[in-house]
Amino acid sequence: MQHDEFVGHVQNRARLASRGEALRAIRATLETLGERLAGGEAEDLAAQPPLANGDYLREVESDGSFSLDTFFDRVAEREGTDLPVAVHHARAVVAVLQEAVSAGEMEDVRAQLPEEYNPLFESGSEGSLA
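Here the structure is a predicted model, which is why all the values come from computation and not from measurement. (Residues numbered from 1 in each chain as written. Predicted model: local features only at pLDDT ≥ 70, side-chain atom pairs only at ≥ 80, totals over all residues. Heavy atoms only, no water.)

Chemist: Could you clarify how one ought to interpret the overall build of the chain in this entry?
Modeler: Regarding its fold elements, the chain presents seven helices and zero strands. The secondary structure elements of the chain, listed N-terminal to C-terminal, are α-α-α-α-α-α-α. What you see for the chain is a C-alpha radius of gyration of 13 Å, in line with the 14 Å of a compact globule of 130 residues. Each of the three principal axes of the chain carries a C-alpha extent, and together these read 35 × 30 × 25 Å. Taking all 130 residues of the chain together, the buried fraction comes to 46%. Put simply, 68% of the contacts in the chain that link residues at least 6 apart link residues at least 24 apart. Of the roughly 6100 Å² of accessible surface on the chain, a fraction of 44% belongs to carbon and sulfur atoms. Positive and negative side-chain charges in the chain, numbering 11 and 25 respectively, have mean positions lying 4 Å apart. (Helix = DSSP H or I, 4+ residues; strand = E, 2+ residues; numbered from the N terminus. Rg over C-alpha atoms; globule rule 2.2 N^0.38 Å. Buried < 20%, exposed > 50% of the residue type's maximum accessible area, 1.4 Å probe, protein only. Contact = heavy atoms within 4.5 Å. Areas by Shrake-Rupley, 256 points an atom, 1.4 Å probe, with all protein chains shown as cover. Lys, Arg positive; Asp, Glu negative; His and termini not counted. Charge placed at Lys NZ, Arg CZ, Asp CG, Glu CD.)

Chemist: Explain the pattern of salt bridges to me, please; I cannot follow it from the model alone.
Modeler: What the rule picks out here adds up to seven salt bridges. One salt bridge connects R78 with E31, and the closest N-O pair in it is separated by 3.0 Å. Taken together, the positions of R78 in helix α4 (residues 68-79) and E31 in helix α2 (residues 19-36) put the pair 47 residues apart, joining distant regions of the chain. Look at E31 and you get buried, because its relative accessible area is 11%. Linking R110 and E122 is a salt bridge whose minimum nitrogen-to-oxygen distance equals 3.0 Å. Pair noted here: R110 is in helix α6 (residues 103-111) and E122 is in helix α7 (residues 118-122), with a separation of 12 residues, a long-range link. For R110, a relative accessible area of 26% puts it in the partly exposed group. On the accessibility criterion, E122 (56% relative accessible area) is exposed. Connected through salt bridges with shared partners, the residues R27, E31, E35, R74 and R78 form a single ionic network. (Salt bridge = Lys/Arg side-chain N within 4 Å of Asp/Glu carboxyl O.)

Have a look at this one:
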């Protein structure tokens, strides 16, 4: 999957009106994910083909451990939207991300995150996070 296709899939899944809105959601989600990852994992993820054109994962420093709730709060703040909308957008970005990058890379990312993050990766972009 190429970068433009990745953006289009996020725009479609998150039901966003424009490419700009999709890029904002992608940037907010990936920057926040990049803050949560350590040991060069954000850089490894950023090297994957659909993300190689964007520096969202490279522009942030690892911020250590924070909860899934804090993850969503940070996405909402970065995106400039309310929490339920940000949660939906982040879930859409992660769902498309899992389709776009290698399974091994996603396993490496998930290995760095506590179990509480599992619903983000398992529930897709629709329905409940539970």
